[in-house]
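Tertiary structure, described
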Amino acid sequence: MDSMLDVARELARKYSTMTVDEVRLLASILVLARFKKGELILKAGDVSHSINYIYKGLVRVFYYKNNKELTEHLQVENNIVMSIESLFKGIPTKLQIEALEPTVIYKLPVLELEKISLHHANLQMLYRKILEESLIQSQIHADMLRFEHASDRYEKFMKLQPEILRRAPMSYIASYLQMTPETLSRVRNAQLMENIK
């Protein structure tokens with residue numbers, strides 16, 4: 001297992017240039033959490049206090065509507081997952097975050113992150129870049145659902161998220177792409193036939 005310092009360096013590489021002292025400061029607020037396959041990282045009704053950096057594993061964000069489970073997001077290591085509304089409004093979330101594999105997460109408690117960001121422009125940049133990335137991913141997903149046909153959604157997902165495609169159950173991918181499992185199966189088969197030609 002890498003040290004907190006190594007994880008802080010990785011976050012700095014991905015989101016913002018930092019001094020050695022800033023990396024140490026970031027490392028000092030990280031909280032390690034491990035989850036078994038099927039375990040909930042965040043439950044509906046909880047108030048979220050942290051941005052979650054996935055160090056290892058696969059997670060999904062989902063919710064219930066009309067007694068049906070709907071997948072809103074799927075994410076693998078080296079990415080962020082969170083309930084943004086709960087985090088910033090301090091209200092109970094309707095979303096749930098589940099580990100689909102044994103998962104290791106480093107939590108960035110937002111109050112601590114805001115505190116250390118006050119006097120460090122690079123940490124402010126890291127915070128901003130994390131939020132930007134989250135908003136952009138949400139926009140890409142929303143636009144994909146709004147404007148693209150099932151085959152185009154699947155093709156885009158294949159290009160943007162090949163690792164998730166290999167590891168996540170097809171039922172969750174179908175839900176994420178707002179397709180029935182049967183439609184996803186048809187689209188996948190058509191795509192395979194197209195690639196054979």
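Going by the structure above, here's the rest.
Residues numbered from 1 in each chain as written. Predicted model: local features only at pLDDT ≥ 70, side-chain atom pairs only at ≥ 80, totals over all residues. Heavy atoms only, no water.

1. Description of the packing of aromatic side chains
Per the stated rule, a full pass over the model turns up three aromatic pairs. Note on Y55 and Y106: the rings are 5.7 Å apart at their centroids and 80° apart in plane angle, and the pair reads as edge-to-face. Separated by 51 residues along the polypeptide, Y55 in strand β3 (residues 50–56) and Y106 in strand β8 (residues 103–109) bring together distant segments of the chain. A relative accessible area of 1% means that Y106 is categorised as buried. Judged by centre distance (5.5 Å) and plane angle (55°), the rings of F157 and Y176 are tilted. With F157 in helix α6 (residues 150–160) and Y176 in helix α8 (residues 170–176), this pair connects stretches of sequence that are 19 residues apart. On the basis of relative accessibility, which here comes to 6%, the residue Y176 falls in the buried class. Over the ring of F62 we find R60; its NZ or CZ atom is 3.9 Å from the centre of that ring. When the ring centre of Y172 is taken as reference, the NZ or CZ atom of R60 above it lies at 3.8 Å. (Phe/Tyr/Trp six-rings, centres within 6.5 Å; stacked < 30°, edge-to-face > 60°. Helix = DSSP H or I, 4+ residues; strand = E, 2+ residues; numbered from the N terminus. Buried < 20%, exposed > 50% of the residue type's maximum accessible area, 1.4 Å probe, protein only. Lys NZ or Arg CZ within 6 Å of the ring centre and 35° of its normal.)

2. Things to note about the environment of Y64
In this fold, Y64 is placed in strand β4 (residues 58–65). A sequence separation of 115 residues divides Y64 from M179, and the C-alpha atoms of the two residues are 16 Å apart. Beyond its immediate sequence surroundings of up to four residues, Y64 is in contact with E69 and Q96. Engagement of the side chain of Y64 in a polar contact is seen with the side chain of E69, the distance being 2.9 Å. (Contact = heavy atoms within 4.5 Å. Polar contact = N/O pair within 3.5 Å; in protein donor to acceptor, adjacent residues only side chain to side chain.)

Remember, this is a structural readout, not a statement about activity or role.
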